[in-house]
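So the chains spell out like this:
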Amino acid sequence: MSEKNLEVSEAQIAVHWQEEEYFPPSTEFIAQANMADAGVFDRFSLDNFPNCFKEYADLLDWDEYWHTTLDTSDAPCWKWFVGGKLNVSYNCIDRHLEKNQNKAAFIYVPEPVEEPPVAITYRDLYNRVNEFAALLRDFCGVKQGDRVTIHMPMVPELPITMLACARLGAIHSVVFGGFSGKASGERVSDSGSNVLVVMDAYYRGGKLLEHKDKADQAVKVATDDGQEVDKVLVWQRYPGKYSAETPMVEGRDYFVNDLLKDYTGKRVDPVPVPAEDPLFLMYTSGTTGRPKGCQHSTGGYLAYAAGTSKYVQDIHPEDVYWCMADIGWITGHSYIVYGPLALGASSVLFEGVPTFPDAGRAWQIAEQLNVNIFHTAPTTIRMLRKAGPDEPAKYNYKFKHMTTVGEPIEPAVWRWYYDVVGRGEAAIVDTWWQTETGGFLCSTLPALSPMKPGSAGPAVPGIHPIIYDEDGNEVTPGSNIAGNICIQNPWPGAFQTIWGDRDRYVKQYYERYCANPESKDWRDWPYLTGDAAMQAPDGYFRILGRIDDVINVSGHRLGTKEIESACLIVNEVAEASVVPVNDELKGKVPDVYVSLKPGFDSGKEIQTKVIAAIDDSIGKIARPKNVYIVPDMPKTRSGKIMRRVLAAISNNQDVGDVTTLANPEIVDEVRKLVQGE
Ligand code: WTA
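First, a word on scope: everything that follows refers to the structure included in this document. (Residues numbered from 1 in each chain as written. Predicted model: local features only at pLDDT ≥ 70, side-chain atom pairs only at ≥ 80, totals over all residues. Heavy atoms only, no water.)

**Some remarks on the nonpolar core**
Thinking step 1. By size, the foremost hydrophobic cluster in this structure holds 121 residues, and its most contacted members are F53, L125, F132, L233 and Y338.
Thinking step 2. Other than its neighbours up to four places away in sequence, L233 contacts F132, L135, L136, C140, V195, L196, V197, V198, Y254, V256 and L259.
Thinking step 3. Counting residues in hydrophobic clusters, the runner-up holds 36 residues, among them F350, W363, L369 and M451. (Core = buried A, V, L, I, M, F, W, Y, C linked by side-chain atoms within 4.5 Å. Buried < 20%, exposed > 50% of the residue type's maximum accessible area, 1.4 Å probe, protein only. Contact = heavy atoms within 4.5 Å.)

**Description of unusual backbone geometry**
Thinking step 1. Residue F49 is joined to P50 through a cis peptide bond whose omega torsion reads 0 degrees.
Thinking step 2. Among the secondary structure elements, P50 is positioned in the loop between α3 (40-43) and α4 (54-57).
Thinking step 3. A cis geometry characterises the amide bond from F356 onward to P357, with omega recorded as -5 degrees.
Thinking step 4. Tracing the backbone through its elements, the reader meets P357 in the loop between β17 (346-350) and α13 (361-369).
Thinking step 5. Non-glycine residue F81 carries a positive phi angle of around 55 degrees.
Thinking step 6. On the secondary structure map, F81 appears in strand β2 (residues 79-82). (Helix = DSSP H or I, 4+ residues; strand = E, 2+ residues; numbered from the N terminus.)

**Regarding the sheet that holds strand β16 (residues 320-323)**
Thinking step 1. Spatially, 7 strands are ordered β5-β4-β17-β16-β18-β19-β20 in an open sheet, and the strand pairing comes out mixed. Two strands bound the open sheet, and with one partner strand each, they are β5 (118-121) and β20 (427-431). With strand direction ignored, the average angle separating the axes of adjacent strands in the sheet is 20 degrees.
Thinking step 2. Strands in contact with helix α6 (residues 122-138) are β4 (104-109) and β5; relative to β5, the strand with the most contacts, it is inclined by about 75 degrees. (Pairing = 2+ DSSP bridges. Axes fitted to C-alpha atoms, helices over the stretch in contact; angles between N-to-C directions.)

**Some remarks on the site of the ligand**
Thinking step 1. Residues in close proximity to the ligand total 17 residues, the closest being D430, T431, T435, D531 and R546.
Thinking step 2. N552 is positioned with one of its side-chain polar atoms (N or O) 3.2 Å from an oxygen atom of the ligand.
Thinking step 3. Across the complex, the protein chains shield 96% of the 520 Å² of accessible surface that the ligand would expose by itself.
Thinking step 4. Elements with a minimum of two residues in the shell around the ligand: α12 (330-342), β20 and β25 (541-546).
Thinking step 5. For the shell around the ligand, the class distribution of residues is 5 nonpolar, 7 polar and 5 charged. (Near = heavy atom within 4 Å. Polar contact = N/O pair within 3.5 Å; in protein donor to acceptor, adjacent residues only side chain to side chain. Areas by Shrake-Rupley, 256 points an atom, 1.4 Å probe, with all protein chains shown as cover. Nonpolar A, V, L, I, M, F, W, Y, C, P; charged D, E, K, R; others polar.)

**A word on the pairing of strand β24 (residues 527-535)**
Residues in a regular strand point their side chains to alternate faces of the sheet.
Thinking step 1. Counted residue by residue, β24 has 9 buried out of 9 residues, so it is predominantly covered.
Thinking step 2. Bridge count for strand β22 (residues 483-487) against β24 is 5 bridges, and the pairing is antiparallel. Bridging from a neighbouring strand, I487 pairs with Y527 of β24.
Thinking step 3. In this antiparallel pair of consecutive strands, β24 and β25, the connection spans 5 residues, and G539 shows a positive phi of 90 degrees.

**What to know about the pattern of salt bridges**
Thinking step 1. Applying the stated rule across the entire model yields 42 salt bridges.
Thinking step 2. For K398, the salt bridge goes to E425, with nearest N and O atoms at 3.2 Å. On the criterion of sequence distance, the pair formed by K398 in the loop between α14 (378-387) and β19 (401-405) and E425 in the loop between α15 (411-421) and β20 is long-range, its members being 27 residues apart.
Thinking step 3. Within the structure, one salt-bridge network assembled from shared partners comprises K212, D216, R252 and D253. (Salt bridge = Lys/Arg side-chain N within 4 Å of Asp/Glu carboxyl O.)

**Structural notes on the environment of M324**
Thinking step 1. Its place among the elements puts M324 in the loop between β16 and α12.
Thinking step 2. Classification of M324 by relative accessible area gives buried; the value is 16%.
Thinking step 3. Between the C-alpha atom of M324 and that of A647, which follows or precedes it by 323 residues, the distance is 31 Å.
Thinking step 4. Ignoring anything within four residues of it in the chain, the contact list for M324 reads P354, A362, F374, H375, T376, T380 and L384.

**Regarding the packing of α14 against α15**
To characterise two packed helices, one gives the angle between the axes of the helices and the distance between these axes.
Thinking step 1. Closest axis-to-axis distance for the α14/α15 pair is 10 Å, and the angle between their directions is 70 degrees. On the basis of the axis angle, α14 is roughly perpendicular to α15. Contact residues: I381, R382, L384 and R385 in α14; A412, V413, W416 and Y417 in α15. (Parallel < 35°, antiparallel > 145°, perpendicular 65-115°, else oblique.)

**Observations concerning the environment of I107**
Thinking step 1. Mapped onto the elements of the fold, I107 is located in strand β4.
Thinking step 2. Given the relative accessible area of 13%, I107 is considered buried.
Thinking step 3. Expressed as a C-alpha distance, the spacing of I107 and T121, which sit 14 residues apart in the sequence, is 8.5 Å.
Thinking step 4. Apart from the residues within four sequence positions on either side, I107 is in contact with P117, V118, A119, V320, S347, V348, L349 and L369.

**A word on the packing of helix α19 (residues 643-650) against helix α20 (residues 665-675)**
Thinking step 1. Look at α19 against α20: their axes get within 9 Å of each other, and the N-to-C directions meet at 30 degrees. The element α19 and its partner α20 pack so that their crossing is right-handed. From α19, V645, L646 and I649 reach across to α20, where they touch V667, V670, R671, V674 and Q675.
Thinking step 2. Of the residues that constitute the contact of α19 with α20, the class distribution is 6 nonpolar, 1 polar and 1 charged. (Left-handed = near helix turned anticlockwise from the far one by under 90°.)

**Describing the packing of aromatic side chains**
Thinking step 1. According to the stated counting rule, one finds 50 aromatic pairs in the structure shown.
Thinking step 2. Aromatic side chains F179 and W329 sit 5.7 Å apart centroid to centroid with 75 degrees between the ring planes, which places their arrangement in the edge-to-face category. Note that F179 is positioned in the loop between β7 (171-176) and α8 (181-191) and W329 in the loop between β16 and α12, a separation of 150 residues in sequence. Both residues of the pair, F179 and W329, belong to the buried class.
Thinking step 3. Centre to centre, the rings of Y505 and Y509 are 6.3 Å apart; their planes meet at 45 degrees, and the pair counts as tilted. Linking Y505 with Y509, this pair stays in helix α16 (residues 502-509), spanning 4 residues, or about one helical turn. (Phe/Tyr/Trp six-rings, centres within 6.5 Å; stacked < 30°, edge-to-face > 60°.)

**Concerning the sheet that holds β25**
Thinking step 1. Judged by pairing direction, the sheet is antiparallel, and its 4 strands sit side by side in the order β21-β22-β24-β25 without closing on themselves. In this open sheet, the two strands that pair with only one neighbour each are β21 (465-468) and β25. Across the sheet, the mean angle from the axis of one strand to that of its neighbour is 45 degrees, orientation sign disregarded.
Thinking step 2. In this sheet, β22 lies alongside β21 in antiparallel orientation, the contact comprising 4 bridges. Paired with I466 across the strands is C486, a residue of β22.

As structure tokens, then:
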């Protein structure tokens, strides 16, 4: 038996959802849609691969046009639009100035209700990105190819920092603001950044939280790891005022707002970089303990983010688009910053939580800003539905389009989103994709296919999924049989490699179903997504969950091994095992089982220490639902911890046959401890 069984049981949970009926998009929506031509699927068929993606590349301005659509000579590290040169900050800002300089690029909504929304026009953004790019270049010495780690909350200075890096051809690595200083330091070290950009403080749930302290911890962790950090740039939540307690370190920490005085009005020419140069790293959890830096390209990534924003998000120039994700995750990179800005849209950026000061906040903002495209995750929808099921009706807004992303959405939750939030008028897309994929893989094209609750839909144009069984045989398409979903072909948004670890990239994503490791033909290299899925006869895919050791908490990926290694920092802990437990609001959350070294007694203080260790290593987002101190872990005869058994106990499910375990008697003991007699 293996841990695969754990995922089978997760898959089973999802399979229990009924097949649902269709919801057609409204004629009003179809009449205005960017993509209402069903011929798009022919244009993007495998017969027309890879040249079909020219359509997306042509949404961009190129300093030098590319000559080769797809270069497979270094398989499976795919290179798109080879020979081309472009600059992302030029494409997201400069080229919109002539016609739209006074249009809002971002509309920033601070969390405190007494601070009014601020529109940042394309001209403002141009000025601020240029000045900050000049600072990065001239004060910090940042140049093309250097890495800059950014650990910031949801404020306009975050995309300004990202776009300034892109202007210089530097590679940014944004760490989600809620992650701990230690997590940030590990990423600083892995990426080899010697500049760290942070903010002093930010609002969350009504409190101004100190953030600068995390920078000190990050620098310490990085330095201990051998990575020097020369400069820490500190943006101020209130320019000119320091809102944190932690002292600034002389000669290392600098207030950006002080330094910027020397760069007022400075301009930096956008550096044209080769299409296949990296634009950014985004760290994500995988099957081994250490987070991996997914390396995304410049030309392919931006083309894919722009194309999918246009056709799946249906963004038009006059729309007000609000994606409520955090820019610290891939969703925010592709669908708050790069995709919308490449199209010259107005993108809303919200600092806080949608339940502050009350559960109507999101709808109040939608009304106030006249948002007509709304994008969020099932965990947020569940939370808002619980906290204020009737709140949307109190506000006067009209969404034409809504997105759900990050985890499977229960049909009942989908219906509330559709009926109550969207008033039965908005088209919904359930977009399935990953940090690695840069953009959407499966989703309906909103004007072309009907919605089906609980199903992501068919693949988006140019993506050709295939489902394999454990033995590498293709599962019959449309058979509703679950298997491992892979993508047959490369696409421009796909990550290029794991930063500094090509072997891990090949092993984790391509080895499993590779027909021939020597092959330079993309047909031999299906991409393993790590998700289980099934395809219905209508071609729609239903995503069932991860097949690896990743827990999807509120739509965010956490590695069980990362959490386990945090537990092992606690001196008394001998062994730790982390399993996903179903949660009404968050989808899944970690349950922690620990056993203690001989001579230690279980007690509340050990649970407290375990929680503190997880907070410190990863961040509060990884907080377990429960910490159980068990006399021993259920183990196989070879000594492997049976997570599947623990997961079944946590979720009140049948533990199955445990007679072959080395210590079957422990199972019932653990069960009683968790579930009671
Ligand atoms: C899951 C987030 C079902 C999936 C963009 C995937 C989904 C992981 C959906 C990636 C969806 C994402 N329906 N499951 N619409 N979207 N997932 O890297 O398990 O944070 O592999 O990227 O989230 O999470 P990541």
